[in-house]
Amino acid sequence: MSLPLQVGLVGWRGMVGSVLMQRMSAERDFDAIETTFFSTSSAGIAAPKIDGCTVFNPILKDGNDLTALKAMDVIITCQGGDYTKAVYAPLRAAGWNGHWIDASKILRMQDDSIIILDPINMPVIQTALSKGVKDWIGGNCTVSCMLMGVGALFKAGLVEWMQTSTYQAASGGGAPNMRELLTQYGSLYAEVKDLLDDPASAILEIDRKVTAKQRGFTPQETQHFRGVPLGGNLIPWIDSDRGDGVSLEEWKGGAETNKIMGWGKQFGHAEVPIDSTCVRVGSMRCHSQSLTFKLKKDVPLADIEAMIANDNEWVKFVPNEREATEKNLTAMNVAGTMDIPVGRVRKLAMGPQYLGAFTIGDQLLWGAAEPLRRMLRIIQAR
Ligand code: HSE
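Counting restarts for each chain, with residues numbered from 1 along the sequence as it is written. In keeping with the predicted nature of the model, local features appear solely for residues at pLDDT of at least 70, side-chain atom pairs appear and are counted solely at 80 or more, and the whole-chain, interface and lining totals rest on all residues. Side-chain numbers come from the whole structure's heavy atoms, not from hydrogens or water.

### A word on the overall build of the chain
Helix and strand counts for the chain stand at twelve helices and 13 strands. The globule rule used for comparison is 2.2 Å times the number of residues to the exponent 0.38, while the radius of gyration itself is calculated over C-alpha atoms. Since a compact globule built from 382 residues should have a radius of gyration of about 21 Å, the 22 Å found for the chain is in line with a globular shape. The dimensions of the chain, computed from C-alpha atoms along their principal axes, are 70 × 55 × 40 Å. With 382 residues in all, the chain has 51% of them scored as buried. Contacts between residues were defined by any pair of non-hydrogen atoms, one from each residue, lying within 4.5 Å. Within the chain, counting contacts between residues at least 6 apart in sequence, those at least 24 apart form 70% of the total. Each accessible area value is a Shrake-Rupley result obtained with a 1.4 Å probe; residue values ignore everything except the protein chains displayed when judging cover. Summing over all exposed atoms, the chain offers an accessible surface of approximately 17,400 Å²; the carbon and sulfur share of this is 53%. What counts as a helix is a DSSP run of H or I of at least four residues, what counts as a strand is a run of E of at least two, and both are numbered from the N terminus. Note on exposure labels: buried denotes an accessible area under 20% of the residue type's maximum, exposed denotes more than 50%, and partly exposed covers the range between, all computed with a 1.4 Å probe on protein chains only.

Right, here's the structure in full:
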């Protein structure tokens, strides 16, 4: 039997890192590895107590200490892009040849990295492993959640193109953004509480006061969404402006979906065109998407439904009916679960090759933490 892998964890305290720790505990991932916790700010103090994890190193190591990092077979980082930028290249330059599993986007589109989402692209991962690839990068949350839902159509080569309109949760911006959203909701409520308590009050007066309050939020109250209130509002731009009319989040929809599928120049395979309009809405941690497909041929709806429903164990197919949709196809329902409901599946008026669907995923679980821990398992199983 081979020795347990030495696994270094960096960024385990943040939001994605904490979800990763919960998942690793729940799946008993710590049982078969020797874990070292790293920190960029508090090296030298006691390592955290994580359920099910007997630490190999009882003291937090310095996340910038290349010698300590080099002792790891696998490093999993949720520390963010700045850490990857600072540490990855020097570590490789120092001769480290271990597996780098990263939640940040920095290395995602490098030719020698693979975007990991194994229920969808296990063949791509296995081929890369056999070629000696060592950089495994978690995908953009929106893309990963979408593919977990409707990956079957891509796997079957049925998609001529796809367009998605997203409804992305505050958590995608980070923990402070979630707090900001809730604080704004609270302020808006407080502004009109007296009027709400009075059944005779006029709704247009309530609405006027809410709008005035939103417009009057201070820079401090709206700092995490770049000065724009999200509470009772929506923001149809996510991530940076590429200057070509497409936000970075929208660009990722096409670039990353194709890379996950093993399509594009890197793989010598034609890409499927994907367009996105990415919108931030006031939900907490689940990204939802309304999808439009043009399929390469007219496939009976029942066959499409069966393909989607049977693609992986996390898809929960929701019949395209009012009750089932209201009950099962909401962001609140999915929060904190591994479920990926897919519903509103129907042929569109545009013609029999056009398909509509709606899907939701927890952007911290399938959208961020889960593919990372599963990649560790895949490396272990080799
Ligand atoms: N970019 C995503 C968002 C989160 O802002 O919702 C990370 O993939």
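Now, onward.
### Some points on the pairing of strand S4 (residues 74-77)
Here S4 shows no split at all, with Val 74 and Ile 76 on one side and Ile 75 and Thr 77 on the other all buried. Any two strands between which DSSP finds at least two bridges are classified as paired. When strand S1 (residues 5-10) meets S4, the two strands line up parallel, connected through four bridges. Pairing of Gly 8 across the sheet is with Ile 75, part of S4. Two strands pair when backbone bridges link them, and S4 and strand S5 (residues 99-102) are joined in this way by four bridges, in the parallel orientation.

### Some thoughts on the side chain of His 99
Inspection of the secondary structure assignment puts His 99 in strand S5. According to the relative accessible area criterion, His 99 is buried, its value standing at 13%. Those residues in contact with His 99 that lie beyond four places of it in its chain are Asp 73, Val 74, Ile 75, Leu 129, Val 133, Lys 134, Trp 136 and Ile 379.

### Here's the deal with the sheet that holds strand S6 (residues 113-116)
Overall, parallel pairing links the seven strands, which are arranged S3-S2-S1-S4-S5-S7-S6 in an open sheet. At either end of the open sheet lies a strand with only one pairing partner, and these are strand S3 (61-62) and S6. As judged from the four bridges shared by S6 and strand S7 (residues 135-138), these two strands associate in the parallel manner. Residue Ser 113 lies in a different strand from S7, and its bridge partner there is Asp 135.

### Focus on the packing of helix H1 (residues 15-26) against helix H12 (residues 365-381)
The axes are straight lines fitted to the C-alpha atoms, using for helices just the contacting stretch, and the angles between their N-to-C directions are given from 0 to 180°. Two elements in contact, H1 and H12, have axes whose closest approach is 9 Å; the angle formed by their N-to-C orientations is 50°. Taken together, the axis directions place H1 and H12 in an arrangement best described as oblique. Note that H1 runs across H12; the crossing there is right-handed. Across the interface between the two elements, Val 16, Val 19, Leu 20, Arg 23 and Met 24 from H1 touch Leu 365, Ala 368, Ala 369, Glu 370, Leu 372, Arg 373 and Leu 376 from H12. Here the word oblique covers every angle except those under 35 degrees (roughly parallel), over 145 (roughly antiparallel) and from 65 to 115 (roughly perpendicular). Crossing handedness follows the turn of the near helix against the far one: under a right angle anticlockwise gives a left-handed crossing, and clockwise gives a right-handed one.

### Structural notes on a nonpolar patch on the surface
For patches, a residue must show more than 30% relative accessible area and have no salt bridge; joins then use 9 Å for like charges and 5 Å for nonpolar side chains, namely Val, Leu, Ile, Met, Phe, Trp and Tyr. One speaks of a salt bridge when a side-chain nitrogen belonging to Lys or Arg is within 4 Å of a carboxyl oxygen belonging to Asp or Glu. A cluster of nonpolar side chains, contributed by Leu 182, Tyr 185 and Met 284, occupies part of the molecular surface with about 250 Å² of accessible area. Judged by its relative accessible area of 32%, Met 284 falls in the partly exposed class.

### Some words on helix H8 (residues 248-261)
In a regular helix each residue adds 1.5 Å, so 14 residues correspond to 20 Å; H8 covers 20 Å between its end C-alpha atoms and thus fits that length. A residue's bend is simply the angle between two axes: one fitted to the seven residues ending at it, one to the seven starting at it. Along H8, the helix axis deviates most sharply at Gly 254, where the bend reaches about 25°. Remark: Gly 262 follows H8 within two positions and exhibits a positive phi of approximately 80°. Expected helix span is taken as 1.5 Å per residue step, with the number of steps being one fewer than the number of residues.

### Notes on the nonpolar core
Put simply, a nonpolar core is a bunch of buried Ala, Val, Leu, Ile, Met, Phe, Trp, Tyr and Cys residues held in one set by side-chain atoms that sit within 4.5 Å of each other. Formed by 68 residues in total, the largest nonpolar core has its most connected members in Ile 101, Trp 136, Phe 154 and Phe 293. Per-element tally for this core: the top contributor is H12, with eight residues. Leave out the neighbours within four places in its chain, and Ile 101 touches Val 74, Ile 75, Ile 76, Thr 77, Ile 116, Trp 136, Leu 372, Met 375, Leu 376 and Ile 379. Ranked by size, the runner-up nonpolar core spans 14 residues in total, among them Val 87, Leu 91, Trp 100 and Ile 137.

### Let's talk about the site of the ligand
Lining the immediate environment of the ligand, one finds Asn 140, Cys 141, Gln 168, Gly 172, Ile 238, Glu 249, Arg 280, His 287 and Gln 363. Polar contacts, as used here, are pairs of N or O atoms within 3.5 Å; protein pairs need one atom able to donate a hydrogen and one able to accept it. Residues neighboring in sequence count only if both atoms are side-chain atoms. Here Asn 140 contributes a side-chain N or O atom positioned 3.2 Å from an oxygen atom of the ligand. Between the ligand and Glu 249, the relevant distance is 2.8 Å, taken from a nitrogen atom to a side-chain nitrogen or oxygen of the residue. Here the ligand loses 81% of its free accessible area of 260 Å² to cover by the protein chains. For cavity detection a 1 Å grid was placed over the protein atoms alone, and a set of points counts as a cavity when a 1.4 Å probe fits there but cannot get out; an open set counts as a pocket when protein lies on both sides within 12 Å along at least five of seven lines, with lining residues being those that have an atom within 4 Å of a point. Put plainly, a molecule is in a cavity or pocket when over half of its atoms are within 2 Å of the grid points there. When each cavity is represented as a set of grid points, the ligand is found to reside in the largest pocket. Residues are grouped as follows: Ala, Val, Leu, Ile, Met, Phe, Trp, Tyr, Cys and Pro are nonpolar; Asp, Glu, Lys and Arg are charged; every other residue, Gly included, is polar. Class assignment of the residues belonging to the shell around the ligand gives a composition of two nonpolar, five polar and two charged. Residues are counted as near a molecule or strand when any one of their heavy atoms sits within 4 Å of it.

### Concerning the layout of surface pockets
Grid points are joined across faces, edges and corners, and a volume is the space filled by probe spheres set on the points. By volume, the largest pocket amounts to about 1,200 Å³. Lining the largest pocket are 50 residues; nearest its centre among them are Ser 171, Gly 172, Gly 173, Gly 174 and Asp 239. Of all the secondary-structure elements, those providing two or more residues to the lining of the largest pocket are H1, strand S2 (33-39), helix H3 (81-93), H8 and H12. Split into classes, the residues belonging to the lining of the largest pocket amount to 16 nonpolar, 24 polar and ten charged. In this structure, the second largest pocket occupies an estimated 240 Å³ of space. Around the second largest pocket sit ten residues that line it, and Ser 2, Leu 3, Pro 4, Leu 5 and Gln 380 are the ones nearest its centre. Of the residues assigned to the lining of the second largest pocket, the class counts are six nonpolar, two polar and two charged.

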